[in-house]
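Remarks on the overall topology
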Amino acid sequence: MIRLEGRARRFGDNVNTDYIITSARKRDTIDEQVLKQWLLETLDPAFAASVREEDMIVAGENFGCGSAMEVAVTVILAAGIKAVIAQSFSRTFYRNAINNGLIPVQCDTNRFEEGDRLSVQLDGAELSVANYTKELTLSGPPIAGVMLDILEHGGLVRFIREHRRLMPREQ
Amino acid sequence: MDIAERKRCVDIAERAGNVSARTISEKILSAKAGREVHAGEIAICTVDRVLGTDASGPMAIDYFEKMGGERLFDPSRVLFAFDHYAPPASAKTAAFHDRLRAFATRHGAELCDVGEGISFQLLAERGGALPGSLVIGADSHTATAGALNLFATGVGSSDLAAAMITGQVWIRVPESIKITLTGTRTAFLSPKDVGLALVNAIGPAGANYKALEFHGSALGAFTLEERMVICNLGAEMDAKASIFPSDNATNAYLTGRKVGLASPVTADIYAVYAREVTLDLSRLSPRVALPHAPDNVVPIEQAAGTPVHMVFLGTCTGGRVRDFHEALAALDRAGGQLAPGVQLVVTPASREVADAIRDDGTLARFEALGATVTTVGCGACCGTSGVIPGDGMNVLSTANRNFKARMGNANASIYLASPAACGASAATGKITDPRAERAAR
Ligand code: SF4
């Protein structure tokens, strides 16, 4: 079981990977520890400096759309953010999140606001989020099959190190 | 009968062995998973081709090493292209290239260095995009290759690394959206217009977790390379794959290129789709995507007259031979000169394209007009190589994305249109309907 507590940092719809970290920044380095100072700068230049370890990104539709670049995920993790809660995710961002151990929670975020106190819980395949400020409990689509295996390994790196191949989840 | 109910009936019929009711995606992924899989299931599939770029490759090497990778599952199936940073604009970028070169050489992967072209374009040109195959590429526009009747999908660097080691990828089998193209293609109707109209109709996330599968009587109106434009724009709807059937155009393209066996795949007539969209080409007209989203699409009449300061002809959407021909022809019809103050940037998508337009004199014409012709590859598309627009500039581009800061400057505005509209607008200095420029003169 994974349980995270934190504070909501609110963004809108269609936050693309270029907004998360611009291509121009990553042409010189892919070191997420360096890049994290520019996290989401196009949308909010002051955001990166204001991030606290336990923050969670909350967004609207189609989070992580656009380019498939994976630094968009590793930069978020490097900033100390361990979950993104969105109305919906772009496909490649969702994959990259799972593969790196960032928890993508898909649920109705309409009533979520900046600063809300949140808790995210992954129990087996069941994924839920509690918003204490708004007194809401929501569940996301379960994380099934090999995706859960990968997430429980903390990402694809450890999974492949241990198993040397992909395989269907043991039932 | 609604879709859910139809799906239920078909499932029952299929389980009883009475009927086969699969989409192209389900068929290809079943073949690659070695078992029957349906939309919604998670399949572990074997991949036929793995593509990396200079943008995603260095990170993939990091993952490869962290995963304990020692060798490629099959070096002949792995291709790296230096397209996003061609040529490298800094010592640090050059160092990424060196690292990737060393990796490809050590492991025997195919390396397409600076000046060769965009990854999936090269795969197609070199005959590696075969009907029925599964291609993964660490680039969101990998689905472009689906024009050749295959399942090609964009992944990140970690998936790329895992596939380089194992030859496998995990895939949630997508539902498909059936797109039927009907009617007669009118003069000046570009596949770019068709793609933009679809992005607008389906929305930026409308194909999220889904594949687009193309059908209809009008498919034959598009050459293979034009189909690539339509498939390419699938990424702007977040489609997992965009797939055309295999036909004469497919065979014509593959002749003389093909490496390996083609296994064309057709959808079953009872296949169940998440959604069906029909587009009548007879009623479709040129389109423009306004800043700062590719789905912000209007008929070109509504954008006509907007001042244009830079015209960009290139990218994996609009950087092929026919695109340059159409742009130049429209530019000529609209006066044959660049309007004062317009900067024209030309970037072929591959060396094959560059050679073709050099041989037929097109490139010389662009140069004579004063165009900036940049190195083959992605060029100015994502602000990493080539020309960056200045503050307050309006760019009209043949590309697929116009996000804020996409070309390297958040204070520029990017409009997307067909090559013909771009060519005509370069001559007039304002967004110009390619059908109307003769009348305007
Ligand atoms: S041309 Fe643009 S959209 Fe196409 S692969 Fe290159 S950067 Fe991506």
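Rules used throughout
Residues numbered from 1 in each chain as written. Chains lettered and ligands numbered in written order. Predicted model: local features only at pLDDT ≥ 70, side-chain atom pairs only at ≥ 80, totals over all residues. Heavy atoms only, no water. Domains from an automatic or database assignment. Contact = heavy atoms within 4.5 Å. Salt bridge = Lys/Arg side-chain N within 4 Å of Asp/Glu carboxyl O. Polar contact = N/O pair within 3.5 Å; in protein donor to acceptor, adjacent residues only side chain to side chain. Helix = DSSP H or I, 4+ residues; strand = E, 2+ residues; numbered from the N terminus. Nonpolar A, V, L, I, M, F, W, Y, C, P; charged D, E, K, R; others polar. Near = heavy atom within 4 Å. Buried < 20%, exposed > 50% of the residue type's maximum accessible area, 1.4 Å probe, protein only. Pairing = 2+ DSSP bridges. Axes fitted to C-alpha atoms, helices over the stretch in contact; angles between N-to-C directions. Disulfide = S-S within 2.5 Å. Phe/Tyr/Trp six-rings, centres within 6.5 Å; stacked < 30°, edge-to-face > 60°. Lys NZ or Arg CZ within 6 Å of the ring centre and 35° of its normal.

1. Here we look at the domain arrangement of chain B
Residues and elements named next belong to chain B. Each domain of chain B was delimited in the assignment, giving domain 1 (1-284) and domain 2 (288-436). Measuring from the centre of the C-alpha atoms in domain 1 to the corresponding centre in domain 2 gives 26 Å. On the side of domain 2, 36 residues touch domain 1, which itself brings 37 residues to the contact. In this structure, the salt-bridge partner of glutamate 236 is arginine 401, at a minimum N-O distance of 2.7 Å. The interface formed by domain 1 and domain 2 contains 20 residue pairs in polar contact (both at pLDDT 80 or more). Broken down by secondary-structure element, the contributors of at least two residues to the side of domain 1 that touches domain 2 are helix 5 (119-125), helix 7 (191-202) and helix 8 (224-232). Here the side of domain 1 that touches domain 2 is built from residues that sort into 16 nonpolar, eleven polar and ten charged.

2. Some points on the site of the ligand
Around the ligand, the structure places His84(B), Ile118(B), Asp139(B), His141(B), Thr315(B), Cys316(B), Cys378(B), Cys381(B), Cys382(B), Asn400(B) and Arg406(B). Taken domain by domain, the shell around the ligand gets at least three of its residues from each of domain 1 (1-284) and domain 2 (288-436) of chain B.

3. Some points on the pairing of strand 17 (residues 394-397) of chain B
All names here are of chain B. Every second residue of strand 17 is oriented toward a common face, with Asn394 and Leu396 on one face and Val395 and Ser397 on the other, all of them buried. The pairing of strand 14 (residues 310-314) with strand 17 spans three bridges and is parallel. Directly across from methionine 310, in strand 17, lies its bridge partner valine 395. For strand 17 and strand 18 (residues 413-416), the ladder comprises four bridges, and the chain directions are parallel.

4. Regarding the sheet that holds strand 2 (residues 49-53) of chain B
Residues and elements named next belong to chain B. Taken together, the five strands give an open sheet; going across it, the order is 4-3-2-5-6, and neighbouring strands pair in parallel fashion. The open sheet has two edge strands, strand 4 (110-112) and strand 6 (151-154), and neither has a second partner. Within the sheet, the average angular offset between the axes of one strand and its neighbour, ignoring direction, is 15°. Relative to strand 6, strand 5 (residues 134-137) runs parallel, the two being bridged by four bridges. Residue pairing across strands places isoleucine 136 opposite threonine 153, the latter belonging to strand 6.

5. A short note on the state of the cysteines
For the structure on display, the rule yields zero disulfides over all chains. With no disulfide of its own, Cys107(A) lies 18 Å from the sulfur of Cys65(A), the closest cysteine sulfur. Free of any disulfide, Cys45(B) has its nearest cysteine sulfur in Cys231(B), 19 Å distant.

6. Observations regarding the packing of aromatic side chains
Applying the stated criterion across every chain, the model contains ten aromatic pairs over all chains. Between Phe63(A) and Phe93(A), the aromatic rings sit 5.0 Å apart at their centres with planes inclined by 90°, giving edge-to-face as the arrangement. Linking Phe63(A) in the loop between strand 2 (55-59) and helix 5 (71-78) with Phe93(A) in helix 6 (residues 91-100), this pair joins segments that are 30 residues apart in sequence. For Phe93(A), a relative accessible area of 2% corresponds to the buried category. Taking the centre distance of 6.2 Å and the plane angle of 5° together, the rings of Phe89(A) and Phe93(A) count as stacked. Taken together, the aromatic side chains of Phe63(A), Phe89(A), Phe93(A), Tyr94(A) and Tyr209(B) make up a single cluster linked through ring pairs. Sitting over the face of the ring of Tyr63(B), Lys66(B) holds its NZ or CZ atom 5.4 Å from the ring centroid.

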